[in-house]
Amino acid sequence: MTDSTIDENGAGIFGGGVLIAPNGSGSALVALNRVTLNRNSNGVVAEGGNTTGVIVVEVRDSSVARSTSHGIFTNTDASHAGIVIDRTTSTLNGGNGIR
């Protein structure tokens, strides 16, 4: 995704601006470039709890601000999800900026 603005998505601590959640053995390779995420429940979420596949996310030259919960985070019980963050801010979020 490039040159996009995503505002006010999700409810409470669920969902958010960009939710990456493959199932089964599915994998996801995601690139976010020059993306602005404002006032979402979560900014960017890599949810690996329902897959045995790999999740790789790159967030570059972007801004994540004022999320109700976390700005950028991965939620998995295994080590098959990773987020690379380059020249990106994560500020004024209700939870962690980056987790």
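Residues numbered from 1 in each chain as written. Predicted model: local features only at pLDDT ≥ 70, side-chain atom pairs only at ≥ 80, totals over all residues. Heavy atoms only, no water.

A. Main features of a nonpolar patch on the surface. The grouping of Leu 29, Val 54 and Val 56 at the surface amounts to a nonpolar patch, some 280 Å² of accessible area in total. Positionally, Val 56 belongs in strand β5 (residues 55–60). (Patch = residues over 30% accessible without salt bridge, like charges linked within 9 Å, V, L, I, M, F, W, Y side chains within 5 Å. Areas by Shrake-Rupley, 256 points an atom, 1.4 Å probe, with all protein chains shown as cover. Salt bridge = Lys/Arg side-chain N within 4 Å of Asp/Glu carboxyl O. Helix = DSSP H or I, 4+ residues; strand = E, 2+ residues; numbered from the N terminus.)

B. Highlighting the pattern of salt bridges. Counting across every chain of the model gives 5 salt bridges. In this structure, Arg 34 and Asp 3 form a salt bridge, with 2.6 Å as the shortest nitrogen-oxygen distance. Separated by 31 residues along the polypeptide, Arg 34 in strand β3 (residues 28–38) and Asp 3 in strand β1 (residues 2–7) bring together distant segments of the chain. Between Arg 60 and Asp 86 there is a salt bridge, with its nearest N and O atoms 3.3 Å apart. In this pair, Arg 60 is assigned in strand β5 and Asp 86 in strand β8 (residues 81–86), connecting sequence segments 26 residues apart. In this structure Arg 60 comes out as partly exposed when scored by relative accessible area, which is 31%. Linked by salt bridges that have partners in common, Glu 58, Arg 60, Asp 61, Asp 86 and Arg 87 make up one network. (Buried < 20%, exposed > 50% of the residue type's maximum accessible area, 1.4 Å probe, protein only.)

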